[in-house]
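One letter stands for each residue in the lines below.
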Amino acid sequence: EQCSNGSIYKSIYATIARSNIVIDNLKGDTETQEAKDILGTAYAFRGIGYYQLIRLFCPPVGSADEQLGVPLVTEFDMEARPLRSTLEQTFAQAESDMKKAIDYNVQNELYFFTADVMKGYLARLYFWCQRYKEAKELALELLQRYPLIEGEAYKAMMTDYNDAVGNMLFRTGKLDKNF
């Protein structure tokens, strides 16, 4: 079965809904590092979800229809049918969630979305929404900690599809035609 835009849209909103359940149930429970790691990861998933929705379903920044965003869902409510927000509101939600994920400072690398990984995603969000100054600041900060590598080390980093190799923060992939 082909992966359609509709199934991607539903999948992202399902992830946002699950994130909302976690956030609603753990909000305020930050006494343990495990709770912080889980909350940070939930905010990461929701922020990345809105970033992907902006990329896939919103008109490009600077276009005539730039104002169109996507519906924002920030709490679990099966009956909710929110209206479409503006692009600026959608951007603000993604940015806020990513910054919260960074602030929770996920320590357990099994959760994957550490502060540096989220700074990388936030830089991508800024770049996509033409906030180049903020994108540059975050990218330069990350490049200080994870400088570019060359030669065989670079080749190994780019060809290993199973692990983060070298100084790689995260790997994104392209889905096969069949989802």
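Our subject is the structure listed above.
None of these values were measured; they are calculated from a predicted model. (Residues numbered from 1 in each chain as written. Predicted model: local features only at pLDDT ≥ 70, side-chain atom pairs only at ≥ 80, totals over all residues. Heavy atoms only, no water.)

### Quick notes on the packing of aromatic side chains
- Tallied over the entire structure, the rule returns 10 aromatic pairs.
- Judged by centre distance (5.3 Å) and plane angle (80°), the rings of Phe-112 and Phe-113 are edge-to-face.
- A residue is classified by how much of its surface remains accessible, and Phe-112, at 35% relative accessible area, is partly exposed.
- Judged by its relative accessible area of 9%, Phe-113 falls in the buried class.
- Aromatic pair Phe-113 and Tyr-121: ring centres 6.4 Å apart, planes at 50°, arrangement tilted. (Phe/Tyr/Trp six-rings, centres within 6.5 Å; stacked < 30°, edge-to-face > 60°. Buried < 20%, exposed > 50% of the residue type's maximum accessible area, 1.4 Å probe, protein only.)

### What to know about unusual backbone geometry
- Positive phi outside glycine occurs at Asn-105, with the angle close to 50°.
- Its location among the elements puts Asn-105 in the loop between helix H3 (87–104) and helix H4 (115–128).
- Backbone geometry at Gln-130 places phi at a positive 60°, although glycine is not the residue there.
- On the basis of relative accessibility, which here comes to 41%, the residue Gln-130 falls in the partly exposed class. (Helix = DSSP H or I, 4+ residues; strand = E, 2+ residues; numbered from the N terminus.)

### Some details on the nonpolar core
- Grouped together as the largest cluster of nonpolar side chains are 37 residues, with contacts concentrated most on Met-98, Met-118, Tyr-121 and Leu-125.
- Per-element tally for this core: the top contributor is helix H2 (residues 33–57), with 9 residues.
- Beyond its immediate stretch of four places on either side in the chain, Met-118 contacts Ala-44, Ile-48, Met-98, Ala-101, Ile-102 and Phe-113. (Core = buried A, V, L, I, M, F, W, Y, C linked by side-chain atoms within 4.5 Å. Contact = heavy atoms within 4.5 Å.)

### Regarding the packing of H2 against H3
- Where H2 contacts H3, the two axes come as close as 7 Å, and the packing angle between them is 155°. The angle between H2 and H3 falls in the class roughly antiparallel. Here H2 runs over H3; the crossing is left-handed. Contact residues: H2 offers Gln-33, Lys-36, Leu-39, Gly-40, Tyr-43, Ala-44, Arg-46, Gly-47, Ile-48, Tyr-50, Tyr-51 and Ile-54, while H3 offers Leu-87, Thr-90, Phe-91, Gln-93, Ala-94, Asp-97, Met-98, Lys-100, Ala-101 and Tyr-104. (Axes fitted to C-alpha atoms, helices over the stretch in contact; angles between N-to-C directions. Parallel < 35°, antiparallel > 145°, perpendicular 65-115°, else oblique. Left-handed = near helix turned anticlockwise from the far one by under 90°.)

### Some remarks on H3
- End to end, H3 covers 26 Å across 18 residues, agreeing with the expected 26 Å (1.5 Å per residue, within 8%).
- Those residues of H3 that sit buried are Leu-87, Thr-90, Phe-91, Gln-93, Ala-94, Glu-95, Asp-97, Met-98, Ala-101, Ile-102 and Tyr-104.
- Buried residues along H3 sit in contact with H2, strand S1 (68–71), strand S2 (84–86) and H4.
- Just beyond H3, the residue with positive phi is Asn-105, at close to 50°. (Expected span 1.5 Å × (residues − 1).)

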